Amino acid sequence: MAQQNTNPYSSGKTFYLETFGCQMNVHDSEKVIGTLQQQGYTQVEEEAAADLILYNTCSIRDKAEQKVFNRLNDYKKLHAQGKRFGVLGCVAQQEGEKIFERAPYVSLVSGSASYRKLPEMLVQLEAGASRITGLDDRQTEETFETEFTARSNAHRGYITIIEGCDKFCAYCVVPYTRGKERSRKSSSVLAEARRMAEAGYTEIQLLGQNVNSYHDPEGKKSFAELLAAVGEVPGIVRVRFTTSHPRDFTRDIVEAIDAVPALCDHVHLPIQSGSSRVLQLMQREYTREQYLEKISWIKTARRPISMTTDMIVGFPGETPDDFEETITLAAEVQYDGIFAFKYSPRPNTPAIHMSDSIPEEEKSMRLQILLDRQREIQRINYARHVGEVMDVMVEGHNHARGQVIGRTSQNKTLNFTTSQPILPAPGSYLKVRVTRSLPNSLVGEAVS
Ligand code: SAH
Ligand code: SF4
Ligand code: F3S
């Protein structure tokens, strides 16, 4: 999470911010932190030390949403001490003013599209207002850009290139919480990438709910061209992008990875289900076969591109045969990682009206079967790296184990030892020989 930053504007006001959910939220929090600091607030690491307590929330599944309300209940005591509370992000946008009923001591509720108004909302808060909302402009054309972004890592940073989603998959809250799809100008993305490179960043991760649905408002660059252009910014060594939507995944993305060394060997391409029948019920607008064709482009690339995915088990109407198709698809693709979830009915979505008739135990069983099979696939995939020399970026040190933590271009963790007396610093790049593998990480030794 974001580290504390020295704040030149500090005037004694403090805030605590906790982030739930996806990388979009993590990056939004970096922008919120920068905005608050500019308004004279200093970030603190504990609720007890803060004047203002903010939760940047996620509502993708019911459990994520419940976490926030549990947190708010836990802190009634702090409210009695005069602390103010704000709920930001996707639960804020989804629940709106209902949050004030469920948690009456919350003073501020704001969805992501209203963060531009945070400075005004803070003024109202400081003047003692109690029910401040920023909920009304989800349809805004503006993306939340700020010159004050307080990035939490000095070497690797996010850039949002597209916000929102117009795809309305039957199960998903994102179009309702993040609003309609809107892309940022390619010139603005590239300007930020250059500024980051000048500030010493070497890795950039381009973000979007569907990053490859990018549509340049200036009409200058396709997504693949933008990827390549960011990869060619002097000083940038690695470029990642997430999440890609299969429907908009075009062959030129693979060609760009083959052509531009800085683009990383990794594509995250969520399938959700291996059954075309279920995909249709989900309104994903692609079939198993169409998805597998895109996978074949990735597999036949010159570079060894790692593939990961998201899957939902127990979607309404998913039969044992449908589920079996998810299992066979995972076996066919041989992913390096999957994020698998039990279907969770969500407010406002069309699927909430479908009968969620698969018992919870059956969903849990399907999830476990999928994860067990995937573990075996990963064990074999990871074992193939033993003996290889891979480039890693150093992320940190595990002093207890005497290991350096590295990340490969394929986004795999490679923990390694070195014979050098001084450990390589976070952000440095070096070559590491893989000596051992686990289902989720690699172990190795630095090549001197
Ligand atoms: N835009 C991306 C996904 C973003 S949401 C895409 O379309 O692929 C991240 C993941 O959360 C999804 O890929 C899906 O697997 C999961 N998810 C979304 N809604 C869910 C729900 N109602 N229940 C369970 N998992 C869900
Ligand atoms: Fe949700 Fe579908 Fe949009 Fe992804 S594409 S964010 S799953 S609605
Ligand atoms: Fe969650 Fe919102 Fe991201 S619902 S997954 S924080 S877009």
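The name given to the chain in an unreviewed UniProt entry is tRNA-2-methylthio-N(6)-dimethylallyladenosine synthase, and the organism recorded there is Acidobacterium capsulatum. UniProt lists a comment for the chain under the heading Catalytic activity (unreviewed entry), and it reads "N(6)-dimethylallyladenosine(37) in tRNA + (sulfur carrier)-SH + AH2 + 2 S-adenosyl-L-methionine = 2-methylsulfanyl-N(6)-dimethylallyladenosine(37) in tRNA + (sulfur carrier)-H + 5'-deoxyadenosine + L-methionine + A + S-adenosyl-L-homocysteine + 2 H(+)". As recorded by UniProt, the Subunit (unreviewed entry) comment attached to the chain reads in full: "Monomer."

Chemist: Got a sec to walk through the overall build of the chain? Specific residues and values, please.
Modeler: Looking only at helices and strands, the chain has 14 helices and 19 strands in total. In terms of overall dimensions, the chain has a C-alpha envelope of 60 × 60 × 50 Å along the principal axes. Taking all 448 residues of the chain together, the buried fraction comes to 56%. Residue pairs at least 24 apart in sequence account for 74% of intrachain contacts in the chain once pairs closer than 6 positions are excluded. Carbon and sulfur atoms form 50% of the exposed surface of the chain, whose accessible area is close to 19200 Å². Across the chain, the mean location of the 53 positive side-chain charges is 2 Å away from that of the 57 negative side-chain charges.

Chemist: Could you give me a rundown of the sheet that holds strand β7 (residues 156–160), with the residues and numbers involved?
Modeler: Spatially, three strands are ordered β7-β10-β11 in an open sheet, and the strand pairing comes out parallel. Strand pairing shows two members of the sheet lacking a second neighbour, β7 and β11 (238–242), which therefore form its edges. Neighbour to neighbour, the strand axes of the sheet diverge by 20 degrees on average, direction disregarded.

Chemist: Describe the site of ligand 1, with residues and values.
Modeler: Around ligand 1 lies a shell of 17 residues, among which Q209, Q272, R284, D310 and S344 are the nearest. At 2.8 Å from a nitrogen atom of ligand 1 is found a main-chain nitrogen or oxygen belonging to Q209. The separation between an oxygen atom of ligand 1 and a polar side-chain atom of D310 is 2.6 Å. Starting from 550 Å² of accessible surface for ligand 1 in isolation, the protein chains cover 90%.

Chemist: An account of the site of ligand 3 is needed here, citing residue identities and associated values.
Modeler: Around ligand 3 sit C22, N25, T57, C58, S59, I60, C90, R178 and Q209, and those are all the residues in its vicinity. Looking at side-chain class alone, the shell around ligand 3 contains four nonpolar, four polar and one charged residues.

Chemist: Break down the environment of I271 for me, with residues and values.
Modeler: By the secondary structure assignment, I271 is in the loop between β12 (266–268) and α11 (276–281). Spatially, the C-alpha atoms of I271 and H27 are 25 Å apart, while their sequence positions differ by 244 residues.

Chemist: Can you tell me about the UniProt feature "domain: TRAM" (unreviewed entry) in the chain, naming the residues and giving the values?
Modeler: Summarizing the sequence annotation, UniProt attributes the feature "domain: TRAM" (unreviewed entry) to residues 383–448 in the numbering used throughout. In the segment residues 383–448, helix accounts for 2% and strand for 55%; the C-alpha atoms at its two ends are 23 Å apart.

Chemist: Just give me the short version of the side chain of S112, but keep the residues and values in it.
Modeler: Looking at where S112 falls in the secondary structure, it is placed in the loop between β5 (106–110) and α6 (118–126). A polar contact is formed between the side chain of S112 and the side chain of R178, at a distance of 3.5 Å.

Chemist: Give me the packing of helix α8 (residues 186–198) against helix α9 (residues 223–231): which residues, what numbers.
Modeler: In contact at an axis separation of 10 Å, α8 and α9 are set at 20 degrees when each is read in the N-to-C sense. Classed by the angle they form, the pair α8 and α9 counts as roughly parallel. The chirality of how α8 crosses α9 is right-handed. Of α9, the residues touching α8 (which contributes S186, V189, L190 and A193) are L226, A229 and V230.

Chemist: If you had to explain the sheet that holds strand β1 (residues 13–19) to someone new, which residues and values would you point to?
Modeler: Reading across the sheet, the six strands line up as β2-β1-β3-β4-β5-β6 and stay open at both edges, with parallel pairing between neighbours. Looking at strand neighbours, the two that pair on one side only are β2 (41–43) and β6 (132–134), the edges of this open sheet. Between one strand axis and the next, the sheet turns by 25 degrees as a mean value, whatever way the strands run. Where strand β3 (residues 52–57) lies against strand β4 (residues 84–88), five bridges are found, and the strand directions are parallel. Residue pairing in the sheet places N56 in a bridge with L88 of β4. Across the sheet, helix α1 (residues 23–38) lies against β1, β2, β3 and β4, angled at about 175 degrees from β1, the strand it touches most. Where helix α2 (residues 62–74) meets the sheet, its contacts fall on β1, β3, β4 and β5, and the angle it forms with β3 comes to roughly 165 degrees.

Chemist: Can you break down the domain arrangement of the chain residue by residue, with the values?
Modeler: Taken domain by domain, the chain holds domain 1 (13–134), domain 2 (153–264), domain 3 (296–383) and domain 4 (389–446). Taking only C-alpha atoms, the centre of domain 3 and the centre of domain 4 are 29 Å apart. Overall, the association of domain 3 and domain 4 removes approximately 780 Å² of surface from exposure, summing both partners, and the carbon and sulfur fraction of that is 50%. On inspection of domain 3 and its partner domain 4, the count reaches one salt bridge. Counting across the interface, domain 3 meets domain 4 through four residue pairs in polar contact (both at pLDDT 80 or more). At five residues, helix α14 (residues 360–383) tops the list of elements feeding residues into the side of domain 3 that touches domain 4. Residue composition of the side of domain 3 that touches domain 4, grouped by class: four nonpolar, two polar and four charged.

Chemist: Provide a residue-level description of the nonpolar core, including the pertinent values.
Modeler: Ranked by size, the top nonpolar core spans 69 residues in total, and within it I161, L206 and Y335 carry the most contacts. Ranked by the residues each element gives to this core, the list is headed by α9, at seven residues. Both domain 2 (153–264) and domain 3 (296–383) contribute no fewer than three residues apiece to this core. Contact partners of I161, with chain neighbours within four places excluded, come to R182, S183, R184, V189, L206, L207, V211, Y214, F223 and L226. C58, F85, V87 and I99 belong to the second largest nonpolar core, which has 23 residues in total.

About the thresholds
Residues numbered from 1 in each chain as written. Chains lettered and ligands numbered in written order. Predicted model: local features only at pLDDT ≥ 70, side-chain atom pairs only at ≥ 80, totals over all residues. Heavy atoms only, no water. UniProt positions renumbered as here; feature names shortened; annotations may be inferred. Helix = DSSP H or I, 4+ residues; strand = E, 2+ residues; numbered from the N terminus. Buried < 20%, exposed > 50% of the residue type's maximum accessible area, 1.4 Å probe, protein only. Contact = heavy atoms within 4.5 Å. Areas by Shrake-Rupley, 256 points an atom, 1.4 Å probe, with all protein chains shown as cover. Lys, Arg positive; Asp, Glu negative; His and termini not counted. Charge placed at Lys NZ, Arg CZ, Asp CG, Glu CD. Pairing = 2+ DSSP bridges. Axes fitted to C-alpha atoms, helices over the stretch in contact; angles between N-to-C directions. Near = heavy atom within 4 Å. Polar contact = N/O pair within 3.5 Å; in protein donor to acceptor, adjacent residues only side chain to side chain. Nonpolar A, V, L, I, M, F, W, Y, C, P; charged D, E, K, R; others polar. Parallel < 35°, antiparallel > 145°, perpendicular 65-115°, else oblique. Left-handed = near helix turned anticlockwise from the far one by under 90°. Domains from an automatic or database assignment. Buried area = accessible area lost by both parts, 1.4 Å probe. Salt bridge = Lys/Arg side-chain N within 4 Å of Asp/Glu carboxyl O. Core = buried A, V, L, I, M, F, W, Y, C linked by side-chain atoms within 4.5 Å.

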